[in-house]
Amino acid sequence: MEISPTITSHSIVLVVDKRERAIGMQTLLSKIGYRVILAQSLYDALKFVAQEMPHLVISEAVLSDGTAGILYDRLQQHPTLKHTPIMVCVLKKTKEELGVLAGRKIAGFTVGPLEPKTFVAKVNEVIKMTSSVSPYFVLAEKAGIAPELNLSIDATAVGRSGEQLISRSNIEIDSAASMLCIPTGNNTDLKPAVLRMATNVREGEEIFNLFPVNRIVGVGRKWVLALPEIKIGGNEAAKQDKLYKVIFYDPNEQRYEGFKEIMKGYQIDLIHAKSLQAGSAILKREPESIHAIYLHELMSDASSIEWKNVYNKLPANQKPPLIVGTTSLNARSQGSTRYIKRPFGMGLFVEMLQACFATSTELAGAAGKTGSNTITGIPVRYQAPATLVGLDETGGIIQVKFPLLKGSKIKIEHKFLQSLWEGNQSVSVVSSGATASQPDIWHARFDVIGPGVSKVKYWEKISKLLETMIADVAKQAAAEKAA
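These figures come from a predicted structure and were not determined experimentally. (Residues numbered from 1 in each chain as written. Predicted model: local features only at pLDDT ≥ 70, side-chain atom pairs only at ≥ 80, totals over all residues. Heavy atoms only, no water.)

Engineer: What am I meant to see in the environment of Pro385 here?
Structural biologist: Along the polypeptide, Pro385 turns up in strand E20 (residues 378-391). Residue Pro385 is classed as exposed on the basis of its relative accessible area of 62%. Separated by 16 residues in sequence, Pro385 and Lys401 have C-alpha atoms that sit 8.7 Å apart. Setting aside chain neighbours within four positions, we find Pro385 in contact with Leu149, Asn150 and Val400. (Helix = DSSP H or I, 4+ residues; strand = E, 2+ residues; numbered from the N terminus. Buried < 20%, exposed > 50% of the residue type's maximum accessible area, 1.4 Å probe, protein only. Contact = heavy atoms within 4.5 Å.)

Engineer: Would you explain helix H5 (residues 116-131) in this entry?
Structural biologist: An α-helix turns once every 3.6 residues. As a result, residues three or four positions apart point the same way. Spanning 16 residues, H5 covers 22 Å between terminal C-alpha atoms, matching the ideal 22 Å at 1.5 Å per step. Turning to H5, its buried residues number three or more, namely Phe119, Val120, Val123, Val126, Ile127 and Ser131. Projection of H5 onto a plane perpendicular to its axis shows the buried side chains occupying an angular sector of 130°, all on one side. Within H5, the exposed residues directed more than 90 degrees away from the buried face are Lys117, Lys128 and Met129. Buried positions along H5 lie against strand E1 (11-15), helix H1 (19-31), strand E3 (56-60), strand E6 (86-90) and strand E7 (108-111). (Expected span 1.5 Å × (residues − 1). Arc of directions from axis to C-beta.)

Engineer: Help me out: how do you make sense of the packing of helix H2 (residues 42-52) against helix H3 (residues 68-76) in this one?
Structural biologist: For any two helices packed against each other, one specifies the crossing angle of their axes together with the interaxial distance. The geometry of H2 relative to H3 is characterised by a closest axis approach of 10 Å and an angle of 35° between their N-to-C directions. Every pair of crossing elements has a handedness; the one defined by H2 and H3 is right-handed. For the pair H2 and H3, contact is made by Leu42, Ala45, Leu46 and Val49 and by Ile70, Leu71, Arg74 and Leu75, respectively. By residue class, the composition of the contact of H2 with H3 is 7 nonpolar, no polar and 1 charged. (Axes fitted to C-alpha atoms, helices over the stretch in contact; angles between N-to-C directions. Left-handed = near helix turned anticlockwise from the far one by under 90°. Nonpolar A, V, L, I, M, F, W, Y, C, P; charged D, E, K, R; others polar.)

Engineer: What exactly am I supposed to notice about the packing of aromatic side chains here?
Structural biologist: Pairs of aromatic rings are described using the distance from one ring centre to the other and the angle between the two planes. Tallied over the entire structure, the rule returns 13 aromatic pairs. Centre to centre, the rings of Trp307 and Tyr311 are 6.0 Å apart; their planes meet at 15°, and the pair counts as stacked. With Trp307 and Tyr311 both in helix H10 (residues 302-312) and 4 residues apart, this pair spans about one turn of that helix. Each member of the pair Trp307 and Tyr311 is classed as buried. By the ring-pair criterion, three or more aromatic residues cluster together here, those being Phe248, Tyr256, Phe259, Tyr294, Phe344 and Phe349. Lying over the aromatic face of Tyr311, Lys319 brings its terminal NZ or CZ to 5.5 Å of the ring centre. (Phe/Tyr/Trp six-rings, centres within 6.5 Å; stacked < 30°, edge-to-face > 60°. Lys NZ or Arg CZ within 6 Å of the ring centre and 35° of its normal.)

Engineer: Is there a simple way to think about the sheet that holds E1 in this case?
Structural biologist: Working definition: the strands of a sheet are paired by backbone hydrogen bonds and lie parallel or antiparallel to each other. Pairing within the open sheet is parallel, and its 5 strands lie in the order E2-E1-E3-E6-E7. Each edge of the open sheet carries a strand with a single partner, namely strand E2 (35-39) and E7. The mean angle between the axes of side-by-side strands here comes to 15°, regardless of whether they run parallel or antiparallel. In the sheet, E3 pairs with E6 via 4 bridges, with the strands oriented parallel. In the sheet register, Ile58 faces E6, and the bridge partner there is Met87. (Pairing = 2+ DSSP bridges.)

Geometric descriptors of this kind do not, in isolation, establish any biological role.
Structure follows, in structure tokens:
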């Protein structure tokens, strides 16, 4: 099965006799993304491997207190750590050093003085061959685990601001995600609704998810429309017929003219910038009056550098949200930068701009947990289908149709996993990446064990059950083949 190669950070225990010989290797490996733990003796190596459960051990053949062969033999005696691959560096072609390789299933080796390119190529080869995910990784299919699951996020639907549903949660929702919103608590008589096209606003530790109301479908749309109106500065400005000023960078003046008149009907005043330099000048001149910015594209030439310098130097409270037109399938909105797939319709553009006008400070003041006008809201649960790819020593990998941001806290609803984790549902997203052949399919790595929890103890507990399940699946497959 193809698994996104970018979501796993591989750890390596590097065992050397003299520290100075490790500096070059450690620098090389760290530069290409490996997490390196240095050990200077057989004793330290055994200790670190037991603590870290690394994806690879690289050891010099002969050490001051033993050899890589002794290290291999010791690990083979451990029911869990015996799966750790070992690569041996034979520095001298002596009988003692070469003898370490004899009769042992070493994952890889180098002979002679280390040459950087050859060394890195060999490490990459061994990692790809033995632990492209983790040496302990078990595919859900191989263990007979039902792959279907739901991931869920607790949130509170606090109200509406203009044509946007405002919800408070602990996670940024990708704009490509389609989430089923289920009322919880004492509101179980309210029906679910499907939310799409999220925009996110962050104020300190609080995250607000904004969803265009006219994109919401399902019976639950009824209670969404009945939510209270959140009065923020933007609402008052609109009532007073004040216009939101938006820098509109597009070299095509005809396209600008086509948008300009229609946008006035939504209290939006488009200020045309024929070039990025012109946009930079407008922003530099009156940053406090600009509510949002649209860039038809963001070039990588000198004009782009000038634009970024002007934009990035603005204080956070003066930095208008940025909407960037793109033709890329992989561009993902994050923070104040939001991408819109070109070509786009007028309705979508209006919705994205309206979401920009709700500033984080205003939302926190009106709908935050400690805001002066705090609204109770309706407790809800965002829910989306996902597929379990597999499990390993810290958690596992799921497959979804949208990216999950690093650090997000989600719940995994799956009967077997909840029993395996003794009722725990909460996991932390470590990384997320698209698959190479299907850019619209994403894999997310999650951790289920918390800080300070022993990886070895956790994996020993669940791997025994998984091994039994794998054996049962193999027996059943053999029986079916024999029949």
